[in-house]
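Summary of the model geometry
Here's the letter readout for the chains.
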Amino acid sequence: MMGRTLAALLLAAFITSPAPARAAEDGGTESSLAQGAGNRALAMGGAFTSVANDASAPAWNPAGLGRLERREFVGSQARLYGLDVSEQAVSFGWPHWRWGAGALSIRRLGVDGIERRSARNVLLGDFQNSDTEMALSYGRSYGEAWQLGVTMKLHRQEVAEFSDTGLGADLGVLVRPAAALGRDSGWVQRITLGAMLRNAIRPSIRLDEEDVADALSARLGASYRSPLLSQGQLLAAVDVEKPADANADLHAGLEVEVHPLLALRTGWNGDHFTAGTGIRWRSYRFDYVYEDNVIDPVHRFGVSLGFGSTVAEDRLAAAEAEEDAFRARLEETFERRRMERVDELVERARERLTHGDVSGALEVVADMRA
């Protein structure tokens with residue numbers, strides 16, 4: 001029991017403080033939330049900067065929200081390292097055909113039930129450590145070539161009775177080189193490039209006497225899509241992640257969609273292998289991730305739900321509504337002009353009758369009927 005408690009305490013200190021999240025010689029001070037979220041992305045080894053086309057995009061590249069096709073919810077849950085370490089992540093994306101897409105995401109990583117003991121090993125109760133991040137993101141497409149995005153986030157850290165909150169921001173961009181350069185070559189059109197600057201505004205946390213800011217880091221990524229067999233698709237992606245004051249990490253991922261209902265994924269997350277699968281049923285997708293880890297293998301489970309009409313359907317409906325409104329204005333204008341013309345002819349017929357010109361009045365009446 002004492003060994004398990006000590007392990008939990010050490011892991012809590014490692015996870016929930018901005019302590020080195022990489023090898024000690026790197027000197028990195030990234031938050032534990034820097035690993036990202038979303039089971040599809042994690043199964044691909046975190047090589048998602050240039051993909052980022054679902055509601056988990058804020059964790060990888062907020063510009064990807066500009067590629068959302070419909071409203072989507074993504075959620076995942078995991079117990080980590082065989083201890084009382086839990087991770088939850090939820091994200092809700094809402095695209096609009098004209099104004100771009102917004103998203104609300106919440107992530108939490110914490111250790112619960114850590115025993116607090118005195119120097120004489122007397123149990124004094126327990127406490128928890130946690131990192132929580134709440135983010136509002138926005139992404140928008142600018143033509144076929146570019147997507148830009150931004151995330152504003154609140155990072156809250158709690159360690160026993162100490163807690164603090166910091167404000168931060170991320171920036172992202174996606175580009176399709178073929179569209180940007182006006183190239184129509186088939187293989188070039190399948191390439192997408194992405195970049196994200198994490199903590200462009202660095203959230204700073206003070207738990208005791210000193211402020212500690214989350215590390216600035218940059219990610220560059222490239223992905224390639226290709227049709228596979230009759231209904232499938234192959235997606236290959238690679239990312240280079242460079243935190244400030246730490247060595248660069250390479251992430252690589254592969255997704256093979258053998259059927260619209262089934263996808264197989266694998267990847268390399270800088271220092272360990274990942275694998276997973278996604279099963280689609282109607283508007284639902286169930287995702288599983290396995291991560292190799294030196295402490296204990298990690299199993300992640302998640303679900304995503306797409307609902308409502310697509311962006312293309314909303315755009316078409318808006319165009320039809322605008323056309324209907326224009327047609328209604330034309331008909332209203334035509335009816336008003338017609339009634340004005342009738343009133344003019346009636347007045348002219350009355351004037352001719354007043355002057356005794358009956359035949360002229362009848363001619364005006366005939367014009368009015370016409």
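Data block above holds the structure.
A quick note: this is a predicted structure, and the numbers were derived from the prediction, not measured. (Residues numbered from 1 in each chain as written. Predicted model: local features only at pLDDT ≥ 70, side-chain atom pairs only at ≥ 80, totals over all residues. Heavy atoms only, no water.)

1. Considerations on the environment of Asn129
As a reminder of what qualifies: The way it works is that DSSP assigns letters per residue, a run of H or I at least four long becomes a helix, a run of E at least two long becomes a strand, and they are numbered from the N terminus.
Along the polypeptide, Asn129 turns up in strand S4 (residues 123-142). Considering only alpha carbons, one finds Asn129 and Ser163, 34 residues apart in sequence, at a separation of 9.5 Å.

2. Let's talk about the nonpolar core
We apply this condition: Only buried residues count toward a nonpolar core. Its members are Ala, Val, Leu, Ile, Met, Phe, Trp, Tyr and Cys residues joined through side-chain atoms within 4.5 Å. Exposure classes here rest on a 1.4 Å probe applied to the protein chains alone. A residue is buried below 20% of its type maximum, exposed above 50%, and partly exposed in between. Contacts were defined at the residue level, with two residues in contact if any of their heavy atoms lie within 4.5 Å.
Counting 17 residues, the largest nonpolar core has Met44, Phe48, Val51, Trp60, Leu65 and Ala237 as the members making the most contacts within it. For this core, the secondary-structure elements that each account for two or more residues are helix H2 (39-43), strand S3 (100-117) and strand S11 (232-243). Examining the composition of this core, we find that three residues originate from one element, H2, more than from any other. Apart from residues lying up to four places away in sequence, Leu65 is in contact with Ala52, Ala57, Pro58, Ala101, Gly102, Ala103, Ser137, Tyr138 and Gly139.

3. Some remarks on helix H5 (residues 358-369)
Keep this limit in mind: Under the convention used throughout, the expected extent of a helix is 1.5 Å for every residue step, that is, one less than its residue count. Working definition: the arc comes from the directions between the helix axis and the C-beta atoms, pointing outward to the latter.
Here H5 spans 17 Å end to end across 12 residues, near enough to the 16 Å set by a 1.5 Å rise per residue. Burial in H5 covers these residues: Gly360, Ala361 and Val364. The arc enclosing the buried residues of H5, seen along the axis, measures out at 100 degrees, which places them on a common side. Exposed residues lying more than 90 degrees from the buried face of H5 are Leu362, Glu363 and Arg369.

4. Structural notes on the packing of helix H4 (residues 311-354) against H5
The test is simple: For helices, the axis comes from a line fit to the C-alpha atoms of the stretch in contact; other axes are also lines fit to C-alpha atoms, and the angle between any two N-to-C directions lies between 0 and 180 degrees. The labels follow the angle: roughly parallel below 35 degrees, roughly antiparallel above 145, roughly perpendicular from 65 to 115, and oblique for the rest. Ten residue types, Ala, Val, Leu, Ile, Met, Phe, Trp, Tyr, Cys and Pro, are classed as nonpolar, four, Asp, Glu, Lys and Arg, as charged, and the remainder, Gly among them, as polar.
One can describe the packing of H4 onto H5 by two numbers: an axis separation of 8 Å at closest approach and a directional angle of 170 degrees. Relative to H5, the element H4 is oriented roughly antiparallel. Residues Val342, Leu345, Val346, Arg348, Ala349, Arg352 and Leu353 of H4 lie in contact with H5, whose contacting residues are Val358, Gly360, Ala361, Glu363, Val364, Asp367 and Met368. Counted by class, the contact of H4 with H5 contains nine nonpolar, one polar and four charged residues.

5. Some remarks on the pattern of salt bridges
Close approach of charged atoms lets side chains of opposite charge pair. The line we're drawing: In what follows, salt bridge is the name for a side-chain nitrogen of Lys or Arg lying within 4 Å of a carboxyl oxygen of Asp or Glu.
Going through the model one piece at a time under the given rule, you end up with 21 salt bridges. A salt bridge links Arg40 to Glu255, with the shortest nitrogen-to-oxygen separation between them at 2.9 Å. Of this pair, Arg40 sits in helix H2 while Glu255 sits in strand S12 (residues 249-259), and the two are 215 residues apart along the sequence. Per residue, the accessibility class of Arg40 equals that of Glu255, and both read buried. Among the salt bridges present, the one from Arg327 reaches Asp324, with a minimum N-O distance of 3.0 Å. Within this pair, Arg327 and its partner Asp324 are both found in helix H4, separated by three residues, close to a single helical turn. Classification of Arg327 as partly exposed rests on a relative accessible area of 37%. Within the structure, one salt-bridge network assembled from shared partners comprises Arg40, Asp54, Glu255, Arg265, Arg285 and Asp287.

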